[in-house]
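The lines below spell out each chain.
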Amino acid sequence: MVGDCCLIVIILLLPPLGVFLMRGCGPDFWINVILTVLGYIPGHVHAFYVLVKERDERRLGRPGRQAPVGYGTVPS
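Fair warning: this is a prediction, and the values are worked out from it, not measured in the lab.

Asker: For this particular structure, what's the right way to read the pattern of salt bridges?
Answerer: Note on pairing: side chains with opposite charge can pair once their charged atoms come close. Taken as a whole and assessed by the stated rule, the structure comprises 6 salt bridges. For arginine 55, the salt bridge identified is with aspartate 4, shortest N-O distance 3.5 Å. With arginine 55 in helix α4 (residues 40–60) and aspartate 4 in helix α1 (residues 4–13), the pair connects residues that are 51 residues apart, well separated along the chain. Aspartate 56 is paired through a salt bridge with arginine 59; the nearest N and O atoms lie 3.6 Å apart. Residue aspartate 56 and its partner arginine 59 are located together in helix α4, separated by 3 residues, close to a single helical turn.

Here it is as structure tokens:
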């Protein structure tokens, strides 16, 4: 896991890379790529939104994403 300070520097330089390091190659990454291509500032805004959202999920103890049933998990 990349530290928050390093992540902020990465987001300032290249917003899609920061989102990729936080969320992987999912919908958030592709949304950020499109926003960065359309305008550099919207890419930054979205990347910082994802950072704050992930920090809140960690603080509240909520998992960010869960694996779908059938991928090594047993439904309860």
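Asker: So what exactly am I meant to see when it comes to the packing of aromatic side chains here?
Answerer: How two aromatic rings sit relative to each other is set out by the distance from centre to centre and by the angle between their planes. Applying the stated criterion across every chain yields a total of 2 aromatic pairs. Judged by centre distance (5.7 Å) and plane angle (65°), the ring pair of phenylalanine 20 and phenylalanine 29 falls under edge-to-face. By relative accessible area, phenylalanine 29 is classed as buried at 13%. A centroid spacing of 4.9 Å and a plane angle of 70° characterise the contact between phenylalanine 29 and tryptophan 30, whose relative ring orientation is edge-to-face. Judged by its relative accessible area of 47%, tryptophan 30 is partly exposed. Taken together through their ring pairs, the aromatic side chains of Phe20, Phe29 and Trp30 make up a single cluster.

Asker: How do you make sense of the state of the cysteines when you look at a structure like this?
Answerer: Here a disulfide denotes one covalent bond, and it connects the sulfur atoms of two cysteines. Tallied over the entire structure, the rule returns 0 disulfides. Here cysteine 5 is not disulfide-linked; the sulfur of cysteine 6 is the nearest cysteine sulfur, at 6.9 Å. Looking at cysteine 5, the relative accessible area reads 65%, which means it is exposed.

Cut-offs and rules
- Along every chain, residues carry numbers that run from 1 in the direction the sequence is written.
- Residue-level local features of this predicted model are given only where pLDDT is at least 70; pairs of side-chain atoms are given and counted only at 80 or more, and the full residue set underlies all totals for whole chains, interfaces and linings.
- Calculation of side-chain values draws on the structure's entire complement of heavy atoms; hydrogens and water are dropped beforehand.
- By convention in these notes, a salt bridge is any Lys or Arg side-chain nitrogen within 4 Å of a carboxyl oxygen on Asp or Glu.
- Comment: elements are numbered from the N terminus, with helices defined as DSSP H or I runs of at least four residues and strands as E runs of at least two.
- Stacked, tilted and edge-to-face are the three classes applied to pairs of Phe, Tyr and Trp rings, where Trp contributes its six-membered ring and a pair requires centres within 6.5 Å; stacked means planes under 30 degrees apart, edge-to-face means over 60, and tilted covers the rest.
- The cut-offs for exposure are 20% and 50% of the maximum accessible area for each residue type, with area from a 1.4 Å probe on protein chains only; residues under the lower value are buried, those over the upper are exposed, and the others partly exposed.
- Here, two cysteine sulfur atoms that lie within 2.5 Å of each other are counted as a disulfide.

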